[in-house]
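As a plain string of letters, each chain reads:
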Amino acid sequence: MKHVVVIGGGVAGIRCAIELAEMGIEVTIVEKQKHIGGKVRNWHKLFPSFTPAENVVEELIKRVQNCQNVQIRCCCEAENITPHQVTISGGETLNCDAVVVASGFTLFDARIKEEYGYGIYDNVITSADLEDMLNRRAVKLTNGASPRRIALLHCVGSRDEKVCQRHCSKVCCVTGVKQAMELKRLFPTADVFNFYMDIRMFGPGYEEMYREAQADYNIHFVRGRISEVSPTIDGKLQIKAEDTLTGRPLKMGVDLLVLLIGMKAGDSNKRFELSCHLRRQDSGFMQPKDSFLGNVESNMNGVFYAGTVTAPKTIGESLNEAVTAAHSVAEWIKHTA
Amino acid sequence: MINFGFSISKPRTIDIDRNNLHKSNEIIEAMPELQTCIGCGSCTATCTAGNLTEFNFRKVHTLVRRGEYQGAYEEMNKCMLCGKCRLVCPRGINTRGVVMLIKRKIGDF
Ligand SMILES: Cc1cc2nc3c(=O)[nH]c(=O)nc-3n(C[C@H](O)[C@H](O)[C@H](O)COP(=O)(O)OP(=O)(O)OC[C@H]3O[C@@H](n4cnc5c(N)ncnc54)[C@H](O)[C@@H]3O)c2cc1C
Ligand code: SF4
Ligand code: SF4
Ligand code: SF4
């Protein structure tokens, strides 16, 4: 039986393993965390339908666990890759007929943007923190009170030369609008402001969700990037931006500031390039063979990609790529047999 | 009285057909990075001069790029060259360099 190693047990890796197994291929998923599911495990509800994230993750995990020929190895980090061998932490090598790299992305560390005070001032949180608070039903200020004025800031750690992240992270605009709506549902009397440079609503139902946020939720959209945050004596956060549509500087006090952090290239990518000669893009994400017909292939025959390892993507896009990657693998194995 | 910027004597339209883009092209050629501005307003938000006067760095350099030079030199003179804007610009534009360049190029306009 042919054997494929899938690196990373996020939604892309799991979906790819299921598809490969259904074609009669033996699969080993190598996942560095304790559990499979990837980042989506930590999310609350998914845009644009507000589907609980656990519905998606649990269904995928159930399906992959039902596959006889899929072995899941958690707490194992892939270190070295060749098309026929994957070395994991501890030095063990797994022999295989092809490899799918589905190792995903890394969240931008908001502490690097010191001017926003994450990790320094109270009540500055990231979008990932908010998802966690929503899951724990614990959205509140550090003093336990409910926020009355909330700001969300787009593009934190994306589209920013200063932190060497030029690319747009694609999902944070939609996430920002979704989170603004969730906050407004939790705190109907609160004022919610989204500070943006461009609103990117590229997918089906996204623009409609944006319109709903404006019309039915009365969320205020200010076109301007927050330049700095400082604490006030009464325990609030003062933010400064330019309201670029009126051309005037703007300041306001808020109780809670949510930083919509970007998707950075995965931590393992550098190693994959150095030790395995897989090519990276300037953004640090892995470079597919080409953008159209070879978008799940790498520059090395027998090594394939699926999901956010090559660029920021939605869950739907990552799942689609996983299926495509599985079929490309099957075809390749057939030709080399 | 609030000045909304309307007047009957001067047309408000930026008329690209009539504006002389020669100077603005020279400026952009000398500092191509200026064209990468995404208009985020971080520079104006943090600007020392902009919080005290009506000076708006983003607006002035954008007008210059459209061939609207009138008053730009006087406006740029309000800049104290403190450099705070450069620290926050997400495109990494050498903003003080822009101020100096615009002043040099259109000083005699
Ligand atoms: C705040 C936020 C909210 C979001 N909300 C939505 C939403 O509502 N809807 C939507 O469609 N998308 C959303 N997304 C995007 C979504 O998270 C991604 O599309 C999805 O996680 C991509 O899955 P993946 O499998 O490619 O990567 P990941 O989820 O990153 O999974 C990769 C897995 O690989 C493992 N791994 C990494 N390196 C190695 C290695 N060397 N060896 C072994 N294992 C490794 C990791 O531990 C991880 O489990 C959101 C993103 C963010 C940041
Ligand atoms: S998706 Fe929106 S918030 Fe995210 S980087 Fe792109 S423009 Fe910025
Ligand atoms: S350098 Fe000039 S434009 Fe920039 S912040 Fe200082 S005063 Fe404002
Ligand atoms: S901070 Fe930079 S990108 Fe933003 S408006 Fe100013 S010059 Fe343009």
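Throughout, residues of each chain are indexed from 1 in the direction in which the sequence is written. To read the labels, note that chains go from A and ligands from 1, taken in the order they are written. Under the rules for a predicted model, residues below a pLDDT of 70 receive no local features and side-chain atom pairs below 80 are neither given nor counted, while totals for whole chains, interfaces and linings still include all residues. Note: side-chain values were computed over all heavy atoms of the structure, leaving out hydrogens and water.

(A) View of the site of ligand 4. All names here are of chain B. The full set of residues close to ligand 4 is Cys 37, Ile 38, Gly 39, Cys 40, Gly 41, Ser 42, Cys 43, Arg 58, His 61, Cys 89, Pro 90 and Ile 93. Whether a set of points on the 1 Å grid over the protein atoms alone is a cavity depends on a 1.4 Å probe fitting there but being unable to get out, while an open set qualifies as a pocket with protein on both sides within 12 Å along at least five of seven lines; lining residues are those with an atom within 4 Å of a point. Throughout, a molecule is located in a cavity or pocket provided that more than half of its atoms lie within 2 Å of its grid points. Under a 2 Å grid-point criterion requiring more than half of the atoms, the pocket assigned to ligand 4 is the largest cavity. Counting from the N terminus, the helices are the DSSP runs of H or I reaching at least four residues and the strands are the DSSP runs of E reaching at least two. Every element with two or more residues in the shell around ligand 4 is listed here: helix H2 (42-46) and helix H3 (57-65). Lys, Arg, Asp and Glu make up the charged group, whereas Ala, Val, Leu, Ile, Met, Phe, Trp, Tyr, Cys and Pro make up the nonpolar group; the residues left over, Gly among them, are polar. A breakdown of the residues in the shell around ligand 4 according to their chemical character gives seven nonpolar, four polar and one charged. If even one non-hydrogen atom of a residue comes within 4 Å of a molecule or strand, that residue is called near it.

(B) Fine view of the interface of chain B and chain A. If you look at the interface, chain B gives 21 residues, while chain A gives 16 residues. Between chain B and chain A, roughly 1,500 Å² of surface is buried when both sides are summed, and carbon and sulfur atoms account for 43% of that area. Two parts placed together each lose some accessible area; with a 1.4 Å probe, that loss summed over both constitutes the buried area. Its largest share of buried area at the contact with chain A, chain B owes to Ile38(B), Ala45(B) and Pro90(B), together 31% of the area lost on that side. For this analysis, a salt bridge means a side-chain nitrogen from Lys or Arg found within 4 Å of a carboxyl oxygen belonging to Asp or Glu. Summed over the shared surface of chain B and chain A, the result is one salt bridge. One salt bridge in this structure joins Glu242(A) and Arg58(B), with 2.6 Å as the shortest N-O distance. Contact between two residues is taken to exist if any of their heavy atoms lie within 4.5 Å; hydrogens are not considered.

(C) Expanded view of the pairing of strand S6 (residues 78-82) of chain A. All names here are of chain A. DSSP-based pairing: two strands are paired if at least 2 bridges between them are found. Where S6 meets strand S7 (residues 85-88), four bridges bridge the pair, whose relative direction is antiparallel. The residue bridging Ile 81 from the neighbouring strand is Val 86, located in S7. Between S6 and the antiparallel strand that follows it, S7, lie two residues.

(D) The arrangement of the site of ligand 1 in detail. Residue and element names in this part refer to chain A. Lining the immediate surroundings of ligand 1 are 35 residues, of which Glu 31, Lys 39, Thr 308, Lys 313 and Ile 315 lie closest. Here a polar contact is taken to be a pair of N or O atoms separated by no more than 3.5 Å, where protein atoms must pair a possible hydrogen donor with a possible acceptor and residues adjacent in sequence count only if both atoms sit in side chains. Here Lys 313 contributes a backbone N or O atom positioned 2.8 Å from an oxygen atom of ligand 1. The backbone of Thr 314 places a nitrogen or oxygen atom 3.4 Å from an oxygen atom of ligand 1. Only the protein chains shown count as cover for residues, and all accessible areas are computed by the Shrake-Rupley method using a 1.4 Å probe. In the complex, 97% of the free accessible area of ligand 1, which totals 1,000 Å², lies under the protein chains. Here the residues of the shell around ligand 1 sort into 16 nonpolar, 14 polar and five charged. Domain ranges listed in this record stem from an automatic or a database domain assignment. Structurally, the shell around ligand 1 is a two-domain feature, drawing no fewer than three residues from each of domain 1 (3-104 + 266-336) and domain 2 (110-263).

(E) How the structure looks around empty space enclosed by the protein. All names here are of chain B. Grid points are joined across faces, edges and corners, and a volume is the space filled by probe spheres set on the points. In total, this model carries three cavities of 30 Å³ or more according to the counting rule given. In this structure, the largest cavity spans a volume of roughly 120 Å³. In the lining of the largest cavity, the residues fall into nine nonpolar, four polar and two charged. Here the second largest cavity is characterised by a volume of approximately 100 Å³. If you go around the second largest cavity, you meet 13 residues; those closest to its centre are Cys 47, Phe 55, Cys 79, Cys 82 and Cys 85. Broken down by class, the residue content of the lining of the second largest cavity amounts to 10 nonpolar, two polar and one charged.

(F) Focus on the sheet that holds strand S16 (residues 237-243) of chain A. Residues and elements named next belong to chain A. Reading across from one edge, S15-S16-S17 is the order of the three strands in this open sheet, with antiparallel pairing throughout. Every other strand in the sheet has two partners, leaving strand S15 (228-231) and strand S17 (248-254) as the edge strands with one partner each. Strand-to-strand twist across the sheet, computed as the mean angle between neighbouring axes with direction ignored, equals 25 degrees. Both S15 and S16 contribute to a ladder of four bridges, which runs antiparallel. The convention used is that axes are lines fitted to C-alpha atoms, helices contributing only their stretch in contact, and that angles between N-to-C directions extend from 0 to 180 degrees.

(G) Structural context of helix H6 (residues 269-276) of chain A. All names here are of chain A. Here's how the labels work: a residue is buried when its accessible area is under 20% of the maximum for its type, exposed when over 50%, partly exposed in between, all with a 1.4 Å probe on protein chains only. Among all positions in H6, only Asn 269, Phe 272 and Cys 276 are buried. The buried residues of H6 occupy an angular sector of 75 degrees when the element is viewed end-on, so they sit on one face. Away from its buried face by more than 90 degrees, H6 exposes Lys 270 and Leu 274. Following H6 by one or two positions, His 277 adopts a phi angle in the positive range, close to 60 degrees. Here the arc refers to the set of directions running from the helix axis out to each C-beta atom.

(H) Structural detail: the domain arrangement of chain A. Residue and element names in this part refer to chain A. Domain assignment breaks chain A into domain 1 (3-104 + 266-336) and domain 2 (110-263). Taking only C-alpha atoms, the centre of domain 1 and the centre of domain 2 are 31 Å apart. Facing 15 residues of domain 1, the contacting portion of domain 2 comprises 22 residues. Approximately 1,500 Å² of surface area, both sides summed, lies buried where domain 1 meets domain 2, with 66% of it carried by carbon and sulfur atoms. Area buried by domain 1 at its contact with domain 2 is led by His 44, Phe 47 and Phe 50, which between them contribute 41% of it.

(I) Geometry of the packing of aromatic side chains. All names here are of chain A. Aromatic pairs are defined between Phe, Tyr and Trp rings, using the six-membered ring for Trp, whenever the two ring centres lie within 6.5 Å; interplanar angles under 30 degrees are classed as stacked, those over 60 as edge-to-face, and all others as tilted. Tallied over the entire structure, the rule returns five aromatic pairs over all chains. Ring geometry for Tyr 210 and Phe 221: centres 4.9 Å apart, planes at 75 degrees, overall edge-to-face. Taken together, the residues Tyr 210 in helix H5 (residues 206-215) and Phe 221 in strand S14 (residues 220-223) connect sequence positions 11 residues apart. Each member of the pair Tyr 210 and Phe 221 is classed as buried. Measuring from centroid to centroid gives 6.4 Å for Phe 304 and Trp 332, while their planes differ by 70 degrees, and the two rings are edge-to-face. You can see Phe 304 sitting in strand S20 (residues 303-305) and its partner Trp 332 sitting in helix H7 (residues 315-336), a full 28 residues away along the chain. For the pair Phe 304 and Trp 332, a shared accessibility class is recorded, and that class is buried. Feature note: the residues Phe 47, Phe 202 and Tyr 206 constitute an aromatic cluster, connected by ring pairs. Note on geometry: a ring has a charge over it if NZ (lysine) or CZ (arginine) is within 6 Å of the ring centre and within 35 degrees of the ring normal. The residue whose ring lies beneath Lys 39 is Phe 105, and the NZ or CZ to ring-centre distance is 4.4 Å.

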